[in-house]
Amino acid sequence: MMTSTATIGRVLKAPVAVVRSSPKLAGGLIVLALLVLTALSSPLVSRAIGHGADPVAVAAYERWLVPSPAHPLGTDQLGRDVLSMIIGSMSTSLQIGAIAGVISTAIGVVVAFLAGYLGGWIDAVLSTFTGILLVIPTFPLLIALSAYAKEVTLFQVGLMLSIFSWPFAAKIIRSQVLSLRTRPYVELAKVSKAGAMEVIVTELLPNLAPFIGVGFASAALGAIFGLVGLEVIGLGPSGVIDLGHIIYSAISTGALTLGAWPMFVVPIALLTLLFAALNMVNIGLEEVYNPRLRSER
Amino acid sequence: MTSVVTTRADDKSEPNPTPTVRAVGVRSVLARHPLAAYAVRRFGLYLIEMWGALTIAFFFFRLIPGDPIQTFIQTLQQNYVYNVQASAEVIARYQHEFGLDGNIFVQYLHHMKKLIIDHDFGPSLINYPTPAQNVIMQSLPWTIGLLGISAVIAWIVGLGAGALAGWRRGKAGAEVATNLAIMLGHVPFYFVALILVYVFAYSLGWLPSRSAYDSNIPPAFSPQFIGSVLQHGILPAASIVIIGVFNWLLSTRMLMIPVLGEDYLLYAEAKGLRPGDILTRYALRNCYLPQVTAFGLSLGFIFNGNVLVEQLFNYPGLGSTLVTAIQQLDFNTILAVTDMAIISVLTINLILDLLLPFLDPRVKYWG
Amino acid sequence: MSISRRPPQRHVEDVADVLRYLSRRNLLAGGAAVAAGGLLSACSGGGGGSYSDRNAGDKGGSKKNTMPLEVGKANIPTPREQTLIVAQTDFTVFNNWNSMVPNGAPGASGFDIFVKEYMFYLNLATGELMPWLCTDYKYNDDFTELTFHFDPNAKWNDGKPLTSEDFKFTVDLLRSRQDLLGGGGDLTEFTKSVDTPDPQTAVITMTKPNPRFHYGFIAVIVGGFDIRPKHVWEGKDPLKFRDNPPVRSGPYVLDKAIQSQKMFVWKKNPDYWNKAKLDPKPEYVVYISTAKQADSAALAFERAQVDVGSIDEEHAKALRAKGYPALVTTQFHDPCPRALWLNNDPSRGITAEPKMHWVINYLIDRSKDGTNVWPVKVPPAHYPWADYPSNKKWEDQEVADKYPFTYDPSKAEELLDEIAPKGANGKRMYKGKPATIEIITPVAVDGAEYVMAKLVRDQLVKLGVDATIRSLSGSVHDDKWQRGEFDISSQWVCDVSWDPEQLYRNLQSDRAVPVGKNAVGRNNVRLRDKRLDELSKQLANMDPTSNEAKQLLAKALEIYYEDLPVIPIIQTGYPQYFNTAFWTGWPTDNDLYQVPLNWWGHFMFVIGKIQPSGRKAPA
């Protein structure tokens, strides 16, 4: 019987080694960390710009001010400071992505385990269901869902998106569960009278962890993708201001022709960075488990 | 004297051959023709997936809180501000017209029957009383053109680029391309569209930013019209192609690399074949097959992105129709577009899967 | 009383519903950007100035007409110099001109403007009543018969004459079919029979006296009564017939409707019947959907690829600052002043108290609303109707002076202390319960109506009343609005197009349904005032311009001011934008000769007055 600390140590040892071995993975994680830090600094930035007042309240300042020391990125059509708005909404975007990612991964893990471990017709049904959701264009469904989700909270948005992003996670995890199921050490663990839970936690999860990570990154990516897509055409759920909404404001008020390009360019750049980071994490993890893919001699 | 009818084969066999009983029955027929068995199974899966997807779509739209039809009915009621009596009649009438009477399962059966047997999605709202399927027929050619051509071009170019990137692994060009693809591969189509529109349409004015063609030129198969269509289609197509190429590059490269170590490539090199030939005739041939399936699987995703690209470019395709229908809560048209997209994607996947055995004799799809 | 004018005419708010679908109301109504330039809250932080200032060079000065005009090639199938291009809403219907079914004829497409013609036009800009298809109308002495005389020259665009037979056919069709949009309503209620003694005369015999029956046949707001040609419509199923191409009497006919370009092309009818009075210079008129991206739309205007519309106030400001030489901005007051509707149902607590209405009235700062909140400067509204010349006769200075509308928070506090004094816990109590007010509005958080209501709410909170404000999307707001589940709704008041009795009739007690039941647009604020009911009933049968009626209207106005079921705030000014690169002669603020709204039937006369500028289009 292993002690719990030793178990935790074992569980953690693998991920750390993994990160260290892949520059892409490390790079992606660093960029993600930077973005998260920036988002967390939102209250500081608000205080610095607002001097006590809320810089993103409607009509806080004059509208369409050019960038200046007081407003590094200017103000928007409602007189809100663009910089604090962007950093605040980045925090929102990240939270939504995280929530959708977590819920998707949870659902994905459950589905994948049921399908992979139990096999048979359960597997057939679940796989077909997952397959359908992955193949068909789900955007119209997402548009319809969000069109009736007005005045929703952040959590509800994440939940809504996870309805369509869980298949990404499920597919990745299931294929790995299938291959792991027949590995010798699982059989060995069974023979050594370890319970199913212990088998899962001590043997399967550590080996699955990177795939769960990939699943999470894919699901989060898919969720934010879909959300920004909705918002850019103005059909996003209202009540939550995130980067996609700012881009939509910029498009619908014609910010570019007014000369207010920061409002348009900065959110796009940030989102591109986020997507790139998530992608690097994904690819980095895949390279770890497929060393031949690494770009080395 | 016994007359024995013999065949040539019987010469070799025993003097009194027992006639083999050829079992009859579907199962055994299929057992003897594994390819047919595969086709039948795949087709069965197709039907199940189709039924599942159409059902999901139907219930999805109906079960969302804030029923769109109720809103339409409310709008009708508003129009009858001075005439409450009539509104009750009219509402009952439109409920029947739009297939909304009865509980949800009755509605579902009614919808499926009309869809499968009559190929009718019911009257549209944005263009009442034109049936929804007629409404989308107008926009369908534009989407097929834009989406189809972009997707295929992206696939071909991406495949080639990916093969090269994998083939020349380690060299500067390949690595730069790969890293670029990793960074930018997951940028949404519409971001690219926004940037392209701003640079080429607004600032430089080289290419138009909306419409599918110049209305000065009457639609016909003339060079001017086709030229105008191409000119208007470059920016929307580019938005899809650029990102598509990056993604196909990455996935092809990932398939190519394991192939690089295979023995037959070493043999081909030893034989003295030129690298280019080795690449195309041996390496590429062995890694493009999964990409064929992947192409089919990616169509749903491309359609998603296409909706936005069409919106941004005011391109008169299915995506624009869909967004308009949603804004006006035209339930039948929304369902028509969604179902059309689902059916197309599933059918193309079916066709590709059925073609696979002919493209790749190695793989067993049965047993 | 109002005839069923809403369905056949596209009331401005119905078009606005269409526009709202795209949230493009901003583009055509002149700006969603509100944010009262820094005056609404603490210091602005300063430095830098705004983007349009920067373009102007120095703050305050603007270079007039110095910017060179770069004309781009317009995407139209007709010669540019002969074509007027109007940018409008998103069109979805291209092959149907039957407005009796939902989404039948496309609105704001040109059809309602210069293809359909109306019997009379009331030019709201000048107050002039223009007979057109008809020469005059007459009532008999007791208002039970209404006679119309038609112009003998009137012709349909297929050459057949327009006669009273067509009129009779249309009236009979609409009043007998309750299932048609525009059917039933007052036509059914008041029409006993229509007789046509000769081709130029139609006599409507009414079931009961109605001195206002003619309102429904005159184009006041957006449009009027649409006479269908009998020889085209007879025998057709009005629910299925598409009427494509549409046969009407106007100076333009349909050339083509191009779905993939979202464009309608109209060409001049060489055989138009009223060329002597109206001979427009544009050979073609094109109505096209505005680009959905504001950048694209503004650029289209800047490059003169559009003559009317397609630009919003923010971009127009930028163009003016740059010295754009071809922009004409014309203001016009919408028929509906912005207003707060207050719920009178006793179940709503303190809002039902009439004195509370005056508390709220004293908390409205109309000059700030009209200067800083509304995108363009507009005057305050003292009456619940637009300040058109034709409405001047309803203004009653004597009565208005007795009830001045001022911004006076201290008076408001005094009144409030009378109704709902502060309790021991510091909260205001009304009839034993805490005083709360729920404000709703159908516009978005950046809309002027929202901001105006928010200012009132902030004042209420300062005075100790627990007030909340919510912006609800169209159908959600409408649901609460009809069911009376609100205390205050910040929107607009549209009841008065002819005379104030239209408003009073709507507020009659017998139209008030309990809270929770759908009011179907009648007496949403559930006012129950017997005195107003009395006066309204009497006024119903009187010619409103008679002396008798005048006295009653004065009394009714007093009661209205006492009750204040709806508080008018400001006149609604919408700027319209015209490009003079190819066409000049637009109505301007100095010379408002006609209603400048391009989706109203009256716009036909604007098109009749514009002249080509002589500019040649780029090849």
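Residues numbered from 1 in each chain as written. Chains lettered and ligands numbered in written order. Predicted model: local features only at pLDDT ≥ 70, side-chain atom pairs only at ≥ 80, totals over all residues.

Caption draft 1: Just the overall build of chain B, in detail. Secondary structure assignment for chain B yields 15 helices and zero strands. In chain B, which comprises 367 residues, the proportion classed as buried is 43%. Of all intrachain contacts in chain B linking residues separated by at least 6 positions in sequence, the fraction that spans at least 24 positions is 72%. (Helix = DSSP H or I, 4+ residues; strand = E, 2+ residues; numbered from the N terminus. Buried ≥ 20, exposed ≤ 12 C-beta atoms within 10 Å, placed from the backbone. Contact = placed C-beta atoms within 7 Å.)

Caption draft 2: Quick look at the overall build of chain A. What chain A contains, in helices and strands, is 12 helices and zero strands. Reading the secondary structure of chain A in the N-to-C direction produces α-α-α-α-α-α-α-α-α-α-α-α. Relative to all contacts within chain A whose residues are 6 or more apart in sequence, the contacts with residues 24 or more apart total 72%.

Caption draft 3: Representation of the packing of helix α13 (residues 289-313) of chain B against helix α14 (residues 318-327) of chain B within the structure. Residues and elements named next belong to chain B. The interhelical angle for the contact between α13 and α14, taken along N-to-C directions, is 85°, at an axis separation of 7 Å. Taken together, the axes of α13 and α14 are roughly perpendicular relative to one another. Each of Asn306, Val307, Glu310 and Gln311 in α13 lies in contact with α14, whose residues at this interface are Gly319, Ser320, Leu322 and Val323. Taken together, the residues that form the contact of α13 with α14 break down as three nonpolar, four polar and one charged. (Axes fitted to C-alpha atoms, helices over the stretch in contact; angles between N-to-C directions. Parallel < 35°, antiparallel > 145°, perpendicular 65-115°, else oblique. Nonpolar A, V, L, I, M, F, W, Y, C, P; charged D, E, K, R; others polar.)

Caption draft 4: Molecular detail of the sheet that holds strand β17 (residues 466-471) of chain C. All names here are of chain C. What the five strands build is an open sheet, ordered β17-β16-β18-β13-β19; its pairing is mixed. With one partner strand each, in any of the chains shown, β17 and β19 (566-570) form the two edges of the open sheet. For this sheet, the mean angle separating the axes of adjacent strands, direction not counted, is 25°. Two strands pair when backbone bridges link them, and strand β16 (residues 436-441) and strand β18 (residues 488-492) are joined in this way by two bridges, in the parallel orientation. Along β18, the bridge assignment pairs Ile440 with Ser489. Across the sheet, helix α14 (residues 448-462) touches β13 (338-342), β16, β17, β18 and β19, and the angle it forms with β17 is around 165°. (Pairing = 2+ DSSP bridges.)

Caption draft 5: Summary view of the interface of chain B and chain A. In this complex, chain B contributes 46 residues to the contact, which on the side of chain A involves 33 residues. Listed by contribution, the elements that provide at least two residues to the side of chain B that touches chain A are α3 (34-63), α8 (172-184), α9 (189-203), α10 (223-260), α13, α14 and α15 (331-359) of chain B. The element that contributes the greatest number of residues to the side of chain B that touches chain A is α15 of chain B, accounting for eight residues. Per-class residue counts for the side of chain B that touches chain A are 32 nonpolar, 11 polar and three charged.

Caption draft 6: Spotlight on unusual backbone geometry. Look at the link from Asn244 of chain C to Pro245 of chain C: it is a cis peptide, with omega at -5°. Mapped onto the elements, Pro245 of chain C comes out in the loop between α7 (230-233) and β9 (252-258). Non-glycine residue Asn314 of chain B carries a positive phi angle of around 50°. For Phe143 of chain C, which is not a glycine, the phi torsion comes out positive at approximately 55°. Note that Phe143 of chain C resides in the loop between β4 (134-139) and β5 (145-150). A count of 17 C-beta atoms within 10 Å places Phe143 of chain C in the partly exposed class.

Caption draft 7: Region of the structure containing helix α10 (residues 354-362) of chain C. Counting buried positions along α10 of chain C gives seven out of nine residues, so the element sits mostly inside the fold. All buried positions along α10 of chain C are accounted for by Met356, His357, Trp358, Val359, Ile360, Asn361 and Tyr362 of chain C.

Caption draft 8: Just helix α7 (residues 132-167) of chain B, in detail. For α7 of chain B, spanning 36 residues, the distance from its first C-alpha to its last is 50 Å, which sits close to the expected 52 Å at 1.5 Å a residue. Along α7 of chain B, the largest kink reaches about 40° and is centred on Ser139 of chain B; proline Pro141 of chain B follows within four residues of it. (Expected span 1.5 Å × (residues − 1). Bend = angle between axes of the 7 residues up to and from the residue.)

Caption draft 9: Representation of the sheet that holds strand β7 (residues 201-206) of chain C in the model. Residues and elements named next belong to chain C. In spatial order, the strands read β4-β5-β7-β6; together these four strands make up an open sheet with antiparallel pairing. One side of each edge strand has no neighbouring strand; the edge strands of this open sheet are β4 and β6 (191-198). Across this sheet, the average inter-strand angle for adjacent strands is 15°, counted without regard to direction. Where helix α5 (residues 164-176) meets the sheet, its contacts fall on β5, β6 and β7, and the angle it forms with β6 comes to roughly 165°.

Caption draft 10: Geometry of the nonpolar core. In terms of nonpolar packing, the biggest core is built from 343 residues, with Ile173 of chain A, Ala193 of chain B together with Met119 and Phe120 of chain C touching the most fellow members. The biggest single contributor to this core is helix α9 (residues 196-232) of chain A, with 16 residues. Two domains each donate at least three residues to this core, and these are domain 1 (69-332 + 580-619) and domain 2 (338-570) of chain C. In this structure Ala193 of chain B touches Pro236, Ser239, Val309, Leu312 and Phe313 of chain B, once residues within four positions along its chain are discounted. (Core = buried A, V, L, I, M, F, W, Y, C linked by C-beta atoms within 7 Å. Domains from an automatic or database assignment.)

Caption draft 11: Here's a closer look at the confidence of the model for chain B. Residue and element names in this part refer to chain B. The predicted model of chain B has a mean per-residue pLDDT of 79, with 83% of residues at 70 or higher. Across chain B, α7 holds the top mean pLDDT of 89, while helix α1 (residues 8-12) sits lowest at 43. Segment residues 1-14: pLDDT under 50, and two contacts once partners within four positions in sequence are set aside and those in other chains are kept. For residues 81-86, every residue scores under 50 in pLDDT, and the model assigns this stretch 17 contacts once sequence neighbours within four places are set aside. The ipTM value of the predicted complex is 0.79, and its pTM value is 0.82. (pLDDT = per-residue confidence, 0-100.)

Caption draft 12: Spotlight on the packing of α7 of chain B against α10 of chain B. Relative orientation of the contacting elements α7 of chain B and α10 of chain B amounts to 35°, with a least axis distance of 5 Å. The handedness of the crossing between α7 of chain B and α10 of chain B comes out as right-handed. (Left-handed = near helix turned anticlockwise from the far one by under 90°.)

Caption draft 13: Main features of the pairing of β18 of chain C. Residues and elements named next belong to chain C. Of all five residues in β18, five are buried; the element is thus mostly enclosed. Across five bridges, β13 lies against β18 in antiparallel orientation. Residue pairing in the sheet places Leu340 in a bridge with Ser490 of β18.

Caption draft 14: Looking closely at the environment of Leu114 of chain A. All names here are of chain A. If you trace the backbone, Leu114 turns up in helix α4 (residues 82-118). A tally of 17 C-beta atoms within 10 Å means that Leu114 is categorised as partly exposed. It is 8.5 Å that separates the C-alpha atoms of Leu114 and Leu126, two residues lying 12 residues apart in sequence. Residues within four places of Leu114 in sequence aside, it is in contact with Ile122 and Leu126.

Caption draft 15: Looking closely at the pairing of strand β11 (residues 284-289) of chain C. Residues and elements named next belong to chain C. The element β11 is extensively covered by neighbouring structure, given that five of its six residues are classed as buried. As judged from the six bridges shared by strand β1 (residues 83-88) and β11, these two strands associate in the parallel manner. Residue pairing for β11: Ala87 is matched across the bridge by Ile288. Strand direction decides the pairing type here: strand β10 (residues 263-268) and β11, joined by five bridges, are antiparallel. Directly across from Phe264, in β11, lies its bridge partner Tyr287.

Caption draft 16: Up close: the environment of Ala115 of chain A. Residues and elements named next belong to chain A. Mapped onto the elements of the fold, Ala115 is located in helix α4. Using a count of 24 C-beta atoms within 10 Å as the deciding quantity, one classes Ala115 as buried. Once the C-alpha coordinates of Ala115 and Leu161 are considered, the two residues, 46 residues apart in sequence, prove to be 23 Å apart. Every residue in contact with Ala115, bar those within four places of it in the chain, is listed here: Ile122, Asp123, Leu126, Ser127 and Arg174.

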